[in-house]
Every structure is written in structure tokens, then in C-alpha cells.
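# Architecture and fold: a report
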Amino acid sequence: MSKDERFDVVVIGAGPNGMTTAAYLAKCGLSVCVLEERTECGGACETQEPIPGVRIFPHAMLMYASPAPGFEQLELHKHGFRMNWSPHDVLTENTDFACTDGWRPITDKDKLGWAKLGGLLGTPPFTRDLMRATFWCPPHPPEVEVTDENVPYMQVYKQHQPDIWTHELREMTMLDLLDEHCETEHFKTAMAFAAWASGAAGHWEGVAIPAVTSVQLLTLPNTGNRSIPRGGLHGYFHAIHRAAVSHGAVVRTCCPVDEILIEDGRAVGVRLRETAAMGGRTIRANKAVIAAIDVHQAFLKMVGPRHLDPGVIQKIKDVSLKNQTLYVSVFHTKTPLKLNAKFASHQEAKGIGSGPGRTPQLGVYPCDSREIYYENVADVDGHKGQPVVPAERVMWFHGPPQTFDPTDCQASYKRGYISNAFEVAVTSPDLHKEGEDALDRYKAEMDAYMRKAYSQMVDGLDDANLIHHWSATGRDVEFRNTGLIGGTWCGSRHDEDQLWTNRPIQELARYRTPIEGLYHAHQTSGHPGGLCLMAIPYNLMHILIEDGIAEPGDWWYASPWYIPQHGKISARRG
Amino acid sequence: MPNFKYTSEFQFDPSDPFGHMQEEFPRRSEFDVVIIGAGPNGLIAGAYLARAGLKVAVVERRFEAGGGLATEENLYPCYSSNPHVLYHMMVDYMPAIRDFELDGPALTWIRPNSQTGMVFEDGSSILLARMANDTKDSIAKYSFKDAVTFGKVVRKWRKIVDDIIAPATYIPPMAPIEITMAMQRTPVGQEMLELGELSPLQLITETFDHDKVRALLLYASCMWGLDPRETGLGFMVPLMIDRAMNKCYCYGGSHKFASALGRQVLKGGGLILEAATVDKILIENGRAVGVHLFHEDRELRAKVVMSTLDPHTTFLDMVGEQHLDAALKESVKGWAWDKWSFNTLHIAANEKPKYRCDDPWIDQAFATVVGIEGVDSLLQHWGNVAKGKLDLNAFGGHSTCESQFDPTLSDRPGKYVSMFQIHAPYDLEGGWLARRDEIQEAILARWRKAAPNLTPENIVSRSMEDPEEIEIRFPHMRRGSIKHGDYRPLQMGYYRPNEHCSSTRTPIEGLYVCGVSTYPGGLVLGGPGYLGANSVAEDLGVKKWWKPTPEMDRYIKTYLS
Ligand SMILES: Cc1cc2nc3c(=O)[nH]c(=O)nc-3n(C[C@H](O)[C@H](O)[C@H](O)COP(=O)(O)OP(=O)(O)OC[C@H]3O[C@@H](n4cnc5c(N)ncnc54)[C@H](O)[C@@H]3O)c2cc1C
Ligand SMILES: Cc1cc2nc3c(=O)[nH]c(=O)nc-3n(C[C@H](O)[C@H](O)[C@H](O)COP(=O)(O)OP(=O)(O)OC[C@H]3O[C@@H](n4cnc5c(N)ncnc54)[C@H](O)[C@@H]3O)c2cc1C
């Protein structure tokens, strides 16, 4: 057998966070090896073609990452990054929201309040700074007391929109904040739901701003908005992948890691599982091992109780997976889906009917009032079982159509019509009271339930018109991608107990671990959590610079709100 | 680091608060080489040229590079398979695999001994193995004479492959008269020329006596599209049979091969641009100067454009008839598509197929032919297909359980992904859309007859790709042409795609062709891309960092010097 290979850094997992980390470190001139369990890199950032000509985004589909420093720092434009700009804006055009009695308009106060919270009324680059402060800044070091003065987004508001800065801001829920700044109930309900589906829910205290900004990453005119990258988020991932490889990173697929090798309290490499597509089974890391895989697997299995104290183990076990599994449906139908009578007035405006705009973009339904939202949240996070909310009141959302682009399957598929994804939040399989495989057993029933829910608004999901219903349950998700623990889309909730200096637990909050040379960089483990933001790797870079592992060139800039750890090298230049 | 030049401003404006926050790939850019299509050939050409220091962009229409080298979750959710390339025929010869060291940690090739089995309705079977004596043992069940013949003949055939056909795959084509002269130099060459006179059917029936032996070898010879009755390509039979004994599986799926090649493009500083559809090859003053992308108003300009697509797409759609001289136009318009296509059923099941037959090695075979009872039934099936028909009571095909080599294809533990592929007409009588379900059931029934454990309860997911869908996935595989065009004497060797272009250079300056419609042709041989890279390196005057393989050297010394 060959000799063990050696690299400066070994990254476990080639999801967006692992690959972005590899790109950053390779650009620093380090030798990097990325090990991925699946045949394809990308983690939950992928595209599939289940039947020829039909593209499905099983997981990530929306572009939240626009303000990321990674675009500039990794020069993704040179690596082929392109957006597919939709001619439609979310909040400038389609300003009606779908409720059980039909469309309800939103008001200027809604729009202005929302714009103000998002920094559109201040001086640029207010919005970008606000977003970067919230997501793209490492948590403060443990010796620094977190206060209203030093929380990054608080600093940005204070500078650009002082009337929003209050001592209550960090106590509030997003709904509290919307009550103050916006007007209509259906707008607030829709935004609270969107926030829940983007990580930090609308009714959680202490995360009002992360909740608001995560939705704004999708709705403000200068962010991704309703547009997605060419090739979907997988296309965006490809640009990162290309950046990593062209800076020299070595990427190995079908190479699941079994164990992190720890010698004398230090991570020195990894051992691969025996099914790995490689002769050598041990890969050594001179400087660092980075676990870009889920926090449970990384610490409970790969590091294990031999190296961690029981208190930490318990805390890691307790990382809350409550934050919904997304039950994703895509439909193949004989005739296009149409809005039913109650909503038909918007057929034209929403681009439905024949021609290129033949699938509707529906946003969120039903947004009548926050009671519906509460009912849905309680069903998913409280009841821990099969849904009890009647299908008529299930809240769901619908991905943006790509029909404006003739190269997309939704616009050009010849054998029927392909919908964009419909998603409903359901209980995480791991928390399901009837066992983790309950979703497998109920799949047919759940499919029917989902179709009934969507049929509140669209016609065409009847047996006569339906050719195929692709559905991926949280249980499928868990098997498809080991990183998605609990089958949940972000792995663990983005609430106050698990965000910023508490993510995933205080002991691990700055991407360091009790094992020297071992760092973590996965959505389940690092601030700011889920979404394909290139944020965890950017934040982690600060720490790797502090520890003398990464020495970036002039292209690097640290977060303006970053506070160096005492006694370490500052990641700020100049 | 990709090293290309910006030739104009991009649309990103950092000072515009409501403008886009992220910068994008520019609307106008400049390269040395732009390659259309990131299939195996485009990637190979790109990898060689990028490492040679040229600025290379490989432009790909799909969301994923790889072309036929695809591994996808077509049994969504949770089960993947290889919808197109599954059998890798030239791993032991392909220069790209050696030059880029793609048989170490980067890629793992599996070459099972039990290669191609054939099972018959009465429970008997026959097996083509990598090790000749295992094949002989299997043939001996029917005819000791055939077994002895096989032992002798494959050694001779192997020599033809090893000395001539395999190395010649990676050397520019020669006109027939030159080949005849060169081959006269050795007895092996002379023998090859003699074989060329025969049709596959003649060669096999003249060599072997037993019907089942003939059926297996004829299937192996013609499954990739040789006409069993056509003379002039008999020399392909030794190649096809030798290759049928040496197929490899790419662990992790065929796409892993594409990814490994793609990373070589990137490592050399090249760029791969997916979700980018070329609609025009830009021609200025009779010269190809770049490509234009559909729906995104982007132009990539280049000194050299290489197309890996079929001749119609390249010359009629992208270049435009007005730029073609009469001779080229005529030969492009006369291009013949593949005589048949493939229809493939993929399944995920609780078990791997267990064939009801007299040889346990059949269950481990890389490919198992089912439904063919002898030469007559095989010819009848192919005859039907050529006429646009499928007789659902009499047809056959080959199947493979991919999961037995590759646990990574199934995300759910303990499940097996398998496929059953039949030769099938593009213009099916009755139409594919109307007859799909019926055909799917018939295939399953036939398969189940041979492998009774494939019960409905055992099958957890299935998905079928018909010839029209091959064209939907890859519009340049017109009429489901898996090789972008038929194998027939006038479209082979020096004439693939025609005598003007088979060297990979075309009458249009700056334009090269190097997909499987160019010499040496179809399947993942890695020939066209390699030859294209050689031509471009020579014409642009860059130093080749690579050398011919030892087999090629030997061939050049013996036959060309
Ligand atoms: C249904 C759904 C919808 C979503 N929608 C969006 C959206 O619209 N927009 C958005 O931005 N985000 C969205 N997300 C979230 C986003 O996809 C994730 O936040 C993101 O992929 C997390 O990246 P990651 O690198 O941390 O982890 P992952 O993507 O989980 O990657 C981890 C990688 O590690 C690999 N791995 C696991 N174990 C091992 C091992 N032992 N050895 C080697 N490799 C291993 C995995 O195979 C995987 O490739 C969605 C997610 C889901 C599930
Ligand atoms: C069902 C099936 C099974 C097969 N099985 C095998 C097998 O087992 N073994 C084997 O060796 N071969 C097999 N083949 C044949 C093999 O797939 C092809 O011969 C091979 O892929 C051709 O390689 P290529 O690089 O020349 O072209 P391709 O692989 O066809 O790649 C061309 C690329 O160009 C892209 N493209 C098309 N139009 C445009 C455009 N306008 N702009 C930009 N890009 C474009 C395509 O998307 C594609 O990626 C099979 C084929 C099929 C259909």
C-alpha cells in the first residue's frame, strides 16, 4: 500500500462550506485536500436531472449569498460565476399576498418599513454592511462581553439608521419589529414564515434582526431577489469548486472519512472508510483538519468520547434539530398548473398561462394571519408527528419560476410541464414520535396531503393531469446527504441559544475545538448556520489567521466588526 | 488560476447601491482556445491544452460537465446510476489516463473477470471472461472445438488490437490506400486487412460452430452499432471482442472520470463554463474567432474553436451554410445518424438480480445478455429495430447491476441499482410517448423471467430513458445517436466525419472538430479529444508536454516510419 499522503490541511466534506474553506486556504498557498463521501461535490447545493430534460434542485434553490465577501475575495467571476437575472422583482412588482380569501395587497407602509429595516433608506453601502455584519463576521472572543454597543448589526444601525437602534432590539421577535415598522397582517405573516424557513423564526426572541435580514437577502432589489445563478445554486457552487481546484486544492469524491486521527490532543489527519475509492486509507494533515460535516457526526463519532468530556458530549447531543424538515415537491403535469378561480385575476401579472411564463410564482400561502403561522409552527416543532393542521391551512412556499429563460427545463421541456418546487415544513424525522422512518411509511399519504394543500391555490394536480410527483422527504434528505442531520435543511435552529457566540455551543463558538488543529465549518456547527452564504469559511478564516495557519495575501480583508482574540495574531490587516 | 483577458466592462457596478452586489463572468472575454461541449473529448482536449499553457475555456450546455460521462440521480430520490457511459472500454490504452495519472488515487477502475454473460431461456448460459481460459471453460460446455478455437483466435486478435488498432486510435487517420500499404509490412497487419473484407456475421460464423457461442460473440461485436452483415469493418470484431473482455467500471460512477478530467482543465488554468449553450460559432473573414452563448449575450473570443458536437450542429447550425464550401456542405448533409439507439430501464431494488441459470459467475458478470436465444433471434431483434419495430415477445438486451461494484450509488443502505438496456429505434412504430409504459412492462417481464427475484415488491424505484429522451438530454445526439453518427465504412477512419475534417482540422481556419463524430469515433475512447489537442498544439506552435504511449511508439516505428 502506498505511503500516507500529506497535506497542510484536510477538509472533511465538500458541501458549500467545505469547498469554500478549501478555496480560501488554497488561495493562501496551503496544500489542501477535500474529502467527500458522495460521488458528487456540492452537499445540499445540487442539481439533479431525474428524467432527461428535467432539472430539479433537491435542496438549495434560492440565492441568499449576494453580499458575501467571497465573491470578491475568491474572484468567482473569473471562475465562471453568472446569475440568471429574472425580469421580475419580489417587492417592486408582485405586491399582493395570497390568503384563503384571495389576493390581498400590501401597503406602502409595509414596503417602506421593510426597506428601512433592510437599510435601503440610508446611505450605501448600508444594506450590504448590515447583511455582512449579521452573517459575515466571526462571533466575538469569549473574553469580550457581548453588548448592544458591539453586536455588529447594532453598530451598523447606530451608524446608518440610529432610530432603529434601541436597547429592546436584541430582545424582540421579528414579529414585534414588524408590528412597529410595517402595516398589514398578511405581509408580516408571510415574512415571519419566510424567516422560519430561512433559519431564524418570526416568533423567536433575540433574533429579530437575523430573521429579518435572512429574508431580505431574498427580497431586496440589490440582492439575489427572485433570481438564481445560472445552473442553479449548484452552478454557484461550481464556481467555488473551480476556484478551489485552480488554486491547487485536491478534491477526492467517494472518500468518506471514518475517523479523525488524534495524537497527543492534536488532530493529525483522517482515516477513510473502507468503501473509499482510494488505495491509501490515511491522509495526514500538517496544520489543520477541518470538519465541514455535521456537528453530531464530527464530534460524537469521529472525535468521540475518548477525547471530549461528557458535559460537552451532552451539549452536542442536545443541539436542537427543531427547525423543520422541508418536504419538497416538484410536479410533472400534462397541462400547466393554473391559478384557481379565487386567484385567477393575477394569471397575467404572475406570468401564468401559455408562452414562456407558464408556471406561476406564488410565494407563500396562506398568509391570512399570524395564527395560521403559529398553528403550523406548533404542528411541526411542537407535535412531533404527522401533521394535524388540515391541508387547507398548511403553509407552503413556492420557488421562483425560471420560465423567462428558454434554456431552462421549465420553459422548454417537451413532454409536459415541470413546476418549480413547492415546499412545506414538517417534523424532523429524528424527532417524529412514531420513529425516524415514519416519513417513509407515510410517504404516499403525505404526497396526497401536499397536493391538497397546493390545490388550495392551483388547479392541475388532479390524477388526470398529474404525470409524476417527485417528493423528497426529510428522511430521504438524511440518506441523500449525511450532513443534513435530522433531515432538516439547516441542521439546527438559528435561535438565540444556537447562534453567534452560542453556535453550536459556547465551547465551539469560534470554530475552534478542544482538539488542537481541529476546526469545524459546517452549517450545523458554525455561525451563522445554514444557507449557502460562504459565511462560515469567511468567518473561520479570521480564526485560522489568528492561529497562524492561514496567511492570506492582499486580497484578504477582515470583517470591520471583528474583534481579535487576546494574545492572537489579528486577522485585520494594516 | 484561470488566465483570460477581460475585453470589456462587466455589468457589475460597486458604486450603485441598487445594482447587483456580486460581480459576474464578463460579457466579452478572450481565450486561446474555446471548446464546445464538456464531454470526455472536450475535457480531454481542454486538459491537454490548458497544461500546455494555453488559455482554455470549455463551454457546456448542461448544468454538469461530463457529457456521456454522467452519474445522476435518475432514480430520484436516493438512487443514482450511470445513464449513459457505463462500460469503459479503453482504460488500458487511453493516453489521457496515463498522462494525467488517472488510475491512482484520483480514480479507481474495476475490471471484473466475469465480463459478459448470456443467459438462455432453458437456464443454460455462456460467459465471456477477462481470462481466456474461463471463457474457454464456459464455451466447452457446448463445443470443445469452439473453446479451442477461441483460445487460439483471441490471442491473434489481441495482437491485432495491441499492435495496431489500439495505438492507431490515438494517431491521425490515414487514407485507405496508405493503410493498406502500411499493413503489408507485418503478418499481423496483413491478417487485419483480411478480416476487413468480412462482415462480423461472416467472421463469427466462419470461426465458430455453436449457435450460442456465435450469439454471444456477435452480440459483443455489434452491440455498439456495427451492422452484422456489412463488410468492410470486420477488423472491428477483434477490437470489440477484446474490449468486451476488458471493460472497466469507474468506481463512484462514470461522472467521476469526467470530474477528474475537469479538475485537470482547472489545474492547468482553464475554465469550465456550464449552463452555457453555444448557439453560434463566430466567423470573421472566413475564420472562426469565438462563440456566442444563447440567452445570455455573452461572447467568448478565441484563436481556436474546437467543437465536439455532431457535424450538423457544428457546421449547419453554428457555423452556417454560407460559410461552407460545396464539398463540405454536401458531406455534412449526407451524414448518417446511428442505425439504432438505446432504451434503458434503471431500477433500484432490494436485491441484485439473481439469474436462473447454470453458472453462478453470471450473477457477478459486468454485463448479462438476456432474451437472445441464438444468432437468429439476435438478427431478428436487430432487424426489427432497424425497421423501427420492437417485437415485445422477442427482444433482448444487456443488463448490469452497478451496485455490486459500487455501493456509493445507493444512498439507502442495502439497495441495489441495476439497469437493462436494449437496442431500440428512434422512430418507433406507434411512438415512444404512447408506448413507453407498455415497453417498460415488457422489459421488466423479460428481465424477471431470467431473474425471478426482480418481483414488483422488490423493486423500489424505476426510471426509463428512451431514445427520444437521449436526444432531449443531449440534442446533439440527434435521433438518439449515441456516437453522434453511424458506424459504417463511409463514416469510419479517414472518412469520419468526412475526408475534409477527419484530421480534426477543418476547411474553416481556426475551427477544429474533436467529438465522437470525428476519427476514431464513438464511445469513450478518448481519441478525438487527444488528436484535436495534438493538432491545435502543433498549429499554435506550443510545446507538447506529453509523449506518445509505448504502444503508439511501437506502432509508429513499425508501420509509419
Ligand atoms: C430542502 C432544502 C432547501 C434548501 N434551500 C436553500 C436555499 O434555497 N438557499 C440556500 O442558500 N440554502 C438552502 N438550503 C441550505 C443549504 O443547502 C445548506 O445550508 C448548505 O448546503 C450547507 O452547507 P454545508 O457545506 O455546511 O453542508 P452540506 O451541504 O451538508 O455538505 C456537507 C458535505 O459533507 C459530506 N459528508 C458528510 N459526511 C461525510 C464524511 N463522513 N466524509 C466525507 N464527507 C462527508 C456530505 O456528503 C456533504 O457533501 C436548503 C437545504 C435543504 C435541505
Ligand atoms: C444510452 C447510452 C449508453 C452509452 N453507453 C456507453 C458505454 O457504456 N461506454 C462507452 O464508452 N460509451 C457509451 N455511450 C457513448 C458515449 O456516451 C459517447 O460516445 C461519448 O460520450 C461521446 O463523447 P464526446 O465527448 O464526443 O461527446 P458527448 O459526451 O456527447 O459530449 C458533448 C457535450 O456537448 C454538450 N453540448 C451539446 N450542445 C451544446 C451546445 N450547443 N453548447 C455547449 N455544449 C453543448 C453536451 O451537453 C455534452 O456534454 C453511450 C451513449 C448512450 C446514449
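Residues numbered from 1 in each chain as written. Chains lettered and ligands numbered in written order. Predicted model: local features only at pLDDT ≥ 70, side-chain atom pairs only at ≥ 80, totals over all residues. Heavy atoms only, no water.

## So, the site of ligand 1
Residues and elements named next belong to chain A. Definition in use: The near set for a molecule or strand comprises every residue that places at least one heavy atom within 4 Å of it. Whenever two N or O atoms come within 3.5 Å, that pair is a polar contact, provided that in protein one can donate a hydrogen and the other can accept it, and provided that, for residues adjacent in sequence, both atoms are side-chain atoms. Only the protein chains shown count as cover for residues, and all accessible areas are computed by the Shrake-Rupley method using a 1.4 Å probe. The numbering of helices and of strands both runs from the N terminus, where a helix is a DSSP run of H or I of at least 4 residues and a strand a run of E of at least 2.
Inspection of the region around ligand 1 gives 40 residues, with Asn17, Glu36, His522, Gln523 and Leu531 positioned closest. Here a nitrogen atom of ligand 1 and a backbone polar atom of Glu37 are 3.1 Å apart. Separating a nitrogen atom of ligand 1 from a side-chain N or O atom of Gln297 is a distance of 2.8 Å. Here ligand 1, which alone exposes 1,000 Å², has 98% of that area covered by the protein. Sorting the residues of the shell around ligand 1 by element identifies α1 (16-27), α10 (295-303) and β13 (325-333) as the ones contributing at least two each. Per-element accounting of the shell around ligand 1 gives the leading share, three residues, to α1.

## Regarding the pattern of salt bridges
Test applied: Salt bridges are defined by distance alone: a side-chain nitrogen of Lys or Arg within 4 Å of a carboxyl oxygen of Asp or Glu. Categorising residues by exposure relies on relative accessible area from a 1.4 Å probe, with only protein chains included: less than 20% of the type maximum marks a residue as buried, more than 50% marks it as exposed, and the intermediate range marks it as partly exposed.
Under the defined criterion, the tally for this structure stands at 91 salt bridges over all chains. Measuring nitrogen to oxygen at the nearest pair gives 3.5 Å for the salt bridge that ties Glu296 of chain B to Arg230 of chain A. One end of the pair, Glu296 of chain B, is in the loop between β12 (287-293) and β13 (298-307); the other, Arg230 of chain A, is in the loop between β8 (228-229) and α9 (232-246), on a second chain. For the pair Glu296 of chain B and Arg230 of chain A, one class covers both residues: buried.

## Topic: the pairing of strand β6 (residues 96-99) of chain A
Within a regular strand, side chains alternate between the sheet's two faces. All names here are of chain A. Counted only if it meets this: Should DSSP find at least two bridges between two strands, the strands are regarded as paired.
Every second residue of β6 is oriented toward a common face, with Asp96 and Ala98 on one face and Phe97 and Cys99 on the other, all of them buried. Sheet topology note: the β6/strand β7 (residues 102-105) ladder contains four bridges and is antiparallel. Opposite Ala98, over in β7, you have Trp103 as the bridge partner.

## So, unusual backbone geometry
Generally, phi is negative for residues other than glycine and the peptide bonds are trans, each holding for most cases. With omega at -5°, the peptide bond leading from Tyr76 of chain B into Pro77 of chain B counts as cis. Mapped onto the elements of the fold, Pro77 of chain B is located in the loop between β4 (72-75) and β5 (79-81). Of the consecutive residues Arg496 of chain B and Pro497 of chain B, the connecting peptide bond is found in the cis state with omega at -5°. Looking at the secondary structure, you find Pro497 of chain B in the loop between α15 (467-473) and β19 (511-513). Positive phi outside glycine occurs at Glu75 of chain A, with the angle close to 50°. The backbone of His484 of chain B sits at a positive phi, close to 60°, despite the residue not being glycine. Within the secondary structure layout, His484 of chain B lies in the loop between α15 and β19.

## Observations concerning the confidence of the model for chain B
Residues and elements named next belong to chain B. Defined as follows: Confidence of the predictor at the level of single residues is captured by pLDDT, which takes values from 0 to 100. In what follows, residue pairs with any heavy atoms lying within 4.5 Å of each other are defined as contacts.
When pLDDT is averaged along chain B, the result is 95; 97% of the residues meet or exceed 70. Predicted confidence for residues 6-10 stays below pLDDT 50, and this span has twelve contacts to residues more than four positions away or in other chains. Reported confidence for the predicted complex is 0.95 by ipTM and 0.96 by pTM.

## Thoughts on the sheet that holds strand β14 (residues 341-349) of chain B
Residue and element names in this part refer to chain B. Applicable threshold: To obtain each axis, a line is fitted to C-alpha atoms, and for helices this fit is confined to the stretch in contact; angles are then taken between N-to-C directions over 0 to 180 degrees.
The strand order β8-β7-β15-β16-β17-β14-β18 describes an open sheet built from seven strands, whose pairing is mixed. Of all strands in the sheet, those bounded by a partner on one side alone are β8 (125-129) and β18 (459-465). Strand-to-strand twist in this sheet, taken as the mean axis angle between neighbours without regard to direction, amounts to 20°. In this sheet, strand β15 (residues 367-370) lies alongside strand β7 (residues 114-119) in parallel orientation, the contact comprising four bridges. Residue pairing across strands places Gly117 opposite Thr368, the latter belonging to β15.

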